[in-house]
Amino acid sequence: MSRFLHTRYTGLKAYVPGEQPKGERLIKLNTNESPFPPSMSVKEAMAAAAMGAHLYCDPECRLLREKAAQCYGVGLENVLAFNGSDEVLSFAFMAFGEKGVAYPSVSYGFYSVFAALYGLDAKVVPLDAQMGINPGDYEGLNRLIVLANPNAPTGRALSVEEIEGILQTNPEAVVVIDEAYVDFGADTVIPLTKVYDNLLVTRTFSKSHSLAGARLGFGIASAALIEDLNLIRCSTNPYNVNSMTQAAGVAAFDENEVSMNRCRAVAAVRDQTAERLKELGFEMPPSLANFLFIRHASVGGQRLYAGLRERGILVRHFATPGLKDYIRVSIGTEGQMEAMVRATEEILQEEAYAQSER
Ligand SMILES: *Cc1c(COP(=O)(O)O)cnc(C)c1O
């Protein structure tokens, strides 16, 4: 730290992204990306846009927002594009957190970072014994509420009715529903943005549309909330979505069904993988996302992480107290998951042998 840093940032702990290995040939199941590369038409659209990269991009993302509005069934005034959903989440904390913020104790790690960055009073709400969110805990809090649905890293989802209850009892606070993983099986609350002016839904193309590296996310809400977010956006970086990414997003919306079919395929592999892991004695909350959060009575999370890493498979381990027994495994292709299950079997055998020797 230099002596020049504003004192408001002393002690700030930054978000630590999952490892992005360079060079090594690993089966990468640690950051919930799509295992499928972008389609040819998306790559061609990006290459064509690169030809015009000497000019500024459209600061309003007009064409992209038109496609988004059509896809999500909302008006143009109800949607904004962002540099990943991390950016819209950041702006939401900045814009709507004056009375404080509430989020679950186990959720996306960036929420606590944003709360600290903007100096917000944070109410951290524990999960229930099944690692679920109890919607009753969020009723009438009268502060910004941020929930990932499905939640990460648990994969558990709330129903539309449960979220509606939270919206109804917090009419004077914004409720953000982070739908990063909704395309893998949970129900969206985008239609409720027409009924509740305090609902902001965030979406990302990182997990379900094979564009994590392009950085593209959306905010969907009432026109007034969108106007507020646009004020922050235009006061920060009006060219927040670059021209290659805007073109990629347009092309990806044009073949949205391809992405949705891939999500359904990933969900089917998730369910098969969950069954096989349960047969091996793993426990896990029921996941509606593109990952499984698993633990085994006889092997710790760190040991599983290290054993898989030795076998060329990268997963995520959180060294935090309530989570250290678990690993989070992103769902890859059928072949990748086959390799993961086999490697896991080996680790369990090794562990059983080591225990018998003790
Ligand atoms: C991955 C993730 C994000 C971030 O998405 P980007 O669009 O890549 O910034 C947001 N929320 C949750 C819950 C996530 O898991």
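Just so we're clear, the structure is a prediction, and the values are computed from it rather than from any experiment. (Residues numbered from 1 in each chain as written. Predicted model: local features only at pLDDT ≥ 70, side-chain atom pairs only at ≥ 80, totals over all residues. Heavy atoms only, no water.)

Engineer: Quick rundown of helix α8 (residues 243-254)? Include the residues and the values.
Structural biologist: For α8, spanning 12 residues, the distance from its first C-alpha to its last is 17 Å, which sits close to the expected 16 Å at 1.5 Å a residue. Of all 12 residues in α8, 9 are buried; the element is thus mostly enclosed. Along α8, the residues that are buried comprise Thr245, Gln246, Ala247, Ala248, Gly249, Val250, Ala251, Ala252 and Phe253. Taken together, the buried residues of α8 touch α1 (40-50), α2 (62-72), α6 (205-208), β8 (217-221) and α9 (256-279). Measuring from the backbone nitrogen of Met244 back to the side-chain oxygen at the start of α8 gives 3.0 Å, which picks out Asn242 as the cap. (Helix = DSSP H or I, 4+ residues; strand = E, 2+ residues; numbered from the N terminus. Expected span 1.5 Å × (residues − 1). Buried < 20%, exposed > 50% of the residue type's maximum accessible area, 1.4 Å probe, protein only. Contact = heavy atoms within 4.5 Å. Polar contact = N/O pair within 3.5 Å; in protein donor to acceptor, adjacent residues only side chain to side chain.)

Engineer: Please give an account of the pairing of β8 that cites residues and values.
Structural biologist: Burial within β8 is extensive, with 5 of its 5 residues counted as buried. Here β8 shows no split at all, with Gly217, Gly219 and Ala221 on one side and Phe218 and Ile220 on the other all buried. In terms of strand pairing, strand β2 (residues 79-82) meets β8 through 4 bridges, oriented antiparallel. Considered in β8, the bridge of Ala81 is made with Phe218. Pairing of strand β7 (residues 199-204) with β8, which is carried by 5 bridges, proceeds in the antiparallel orientation. Bridge pairing in β8 links Thr204 to Gly217. (Pairing = 2+ DSSP bridges.)

Engineer: Describe unusual backbone geometry, with residues and values.
Structural biologist: Cis geometry is found at the peptide bond from Asn149 to Pro150, where omega equals -5°. Here Pro150 shows up in the loop between β5 (144-148) and α5 (160-168). Look at the link from Ala152 to Pro153: it is a cis peptide, with omega at 0°. On the secondary structure map, Pro153 appears in the loop between β5 and α5. At Asn32, a residue that is not glycine, the phi angle is positive and equals roughly 60°. Phi is positive for Asn142, close to 60°, though the residue is something other than glycine. As for its position among the elements, Asn142 is in the loop between β4 (122-125) and β5. Assessed through its relative accessible area of 38%, Asn142 is described here as partly exposed.

Engineer: So what about the environment of Leu29? Which residues, and what values?
Structural biologist: Tracing the chain through its elements places Leu29 in the loop between β1 (27-28) and α1. For Leu29, a relative accessible area of 1% gives the class buried. Look past the residues within four positions of Leu29 in its chain and what remains in contact with it is Ile313, Leu314, Val315, Arg316, Arg328, Val329, Ser330, Gly332, Gln336, Met337 and Met340.

Engineer: Now, about the side chain of Arg143: what can you tell me, with residues and values included?
Structural biologist: Note on placement: Arg143 falls in the loop between β4 and β5. A residue is classified by how much of its surface remains accessible, and Arg143, at 14% relative accessible area, is buried. Of note is the side chain of Arg143, whose polar atom sits 3.2 Å from the backbone oxygen of Val101. A polar atom in the side chain of Arg143 sits 2.9 Å from the side chain of Asp121.

Engineer: Which residues make up the sheet that holds β7, and what values go with them?
Structural biologist: As summarised here, the arrangement of the 7 strands in space is β2-β8-β7-β6-β5-β3-β4, forming an open sheet in which the pairing is mixed. Each of the sheet's edge strands pairs with one partner strand only, and the pair in question is β2 and β4. Recorded for the sheet is a direction-independent mean angle of 20° between the axes of neighbouring strands. As paired strands, β5 and strand β6 (residues 175-178) are joined by 4 bridges and run parallel to one another. Bridged to Ala148 within β6 is Asp178. Against the sheet, α2 contacts β2, β7 and β8, and its axis sits at roughly 125° relative to β2. (Axes fitted to C-alpha atoms, helices over the stretch in contact; angles between N-to-C directions.)

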